[in-house]
Amino acid sequence: MKIIHEREKCIGCGACVALCPKHWEMSEDGKATLLGSTVDPKTKNYLLEVKKIDCHEEAAESCPVQIIQIIK
Ligand code: F3S
């Protein structure tokens, strides 16, 4: 499955980092970064293939602007 982060729309709330610090961290620009992800130059979204959903589910559910998507 795939995790998609629409990073440009991130408001830096930090919920994803608080709930899933293993895979998310706050960056100096005040937005969250999905660790290990790569950017799609067309959409500017960050993508990561994962085998296990892990705490990404909690991160996605907690994001107030709903910019973390999980494609199963
Ligand atoms: Fe950004 Fe949503 Fe995380 S606003 S900091 S991706 S909870």
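Here we summarise the structure given alongside this text. Source: prediction; values computed, not measured.

What counts as what
- Residues numbered from 1 in each chain as written.
- Predicted model: local features only at pLDDT ≥ 70, side-chain atom pairs only at ≥ 80, totals over all residues.
- Heavy atoms only, no water.
- Salt bridge = Lys/Arg side-chain N within 4 Å of Asp/Glu carboxyl O.
- Helix = DSSP H or I, 4+ residues; strand = E, 2+ residues; numbered from the N terminus.
- Buried < 20%, exposed > 50% of the residue type's maximum accessible area, 1.4 Å probe, protein only.
- Phe/Tyr/Trp six-rings, centres within 6.5 Å; stacked < 30°, edge-to-face > 60°.
- Lys NZ or Arg CZ within 6 Å of the ring centre and 35° of its normal.
- Near = heavy atom within 4 Å.
- 1 Å grid on protein atoms, 1.4 Å probe; cavity = no way out; pocket = protein on both sides within 12 Å on 5 of 7 lines; lining within 4 Å.
- Sits in = over half its atoms within 2 Å of the grid points.
- Nonpolar A, V, L, I, M, F, W, Y, C, P; charged D, E, K, R; others polar.

### A closer look at the pattern of salt bridges
Right, so step 1: Inspection of the entire model under this criterion finds four salt bridges.
Right, so step 2: For Asp29, the salt bridge identified is with Arg7, shortest N-O distance 2.9 Å. Pair noted here: Asp29 is in the loop between β2 (24-26) and β3 (32-34) and Arg7 is in the loop between β1 (2-5) and α1 (15-19), with a separation of 22 residues, a long-range link.
Right, so step 3: Exposure remark for Asp29: the relative accessible area of 46% places this residue in the partly exposed category.
Right, so step 4: Here Arg7 falls in the buried class, since its relative accessible area comes to 12%.
Right, so step 5: A salt bridge links Asp54 to Lys22; its shortest N-O distance comes to 3.0 Å.

### Focus on the packing of aromatic side chains
Right, so step 1: Scanning the entire structure with this criterion turns up zero aromatic pairs.
Right, so step 2: Taking the ring centre of Tyr46 as reference, the NZ or CZ of Arg7 above it sits at 5.9 Å.

### Section: the site of the ligand
Right, so step 1: Around the ligand, the structure places 14 residues, and the nearest of them are His5, Cys10, Gly14, Cys16 and Cys63.
Right, so step 2: When atoms are counted within 2 Å of each cavity's grid points, the one that captures over half of the ligand is the largest cavity.
Right, so step 3: The residue makeup of the shell around the ligand, split by class, is eleven nonpolar, three polar and no charged.

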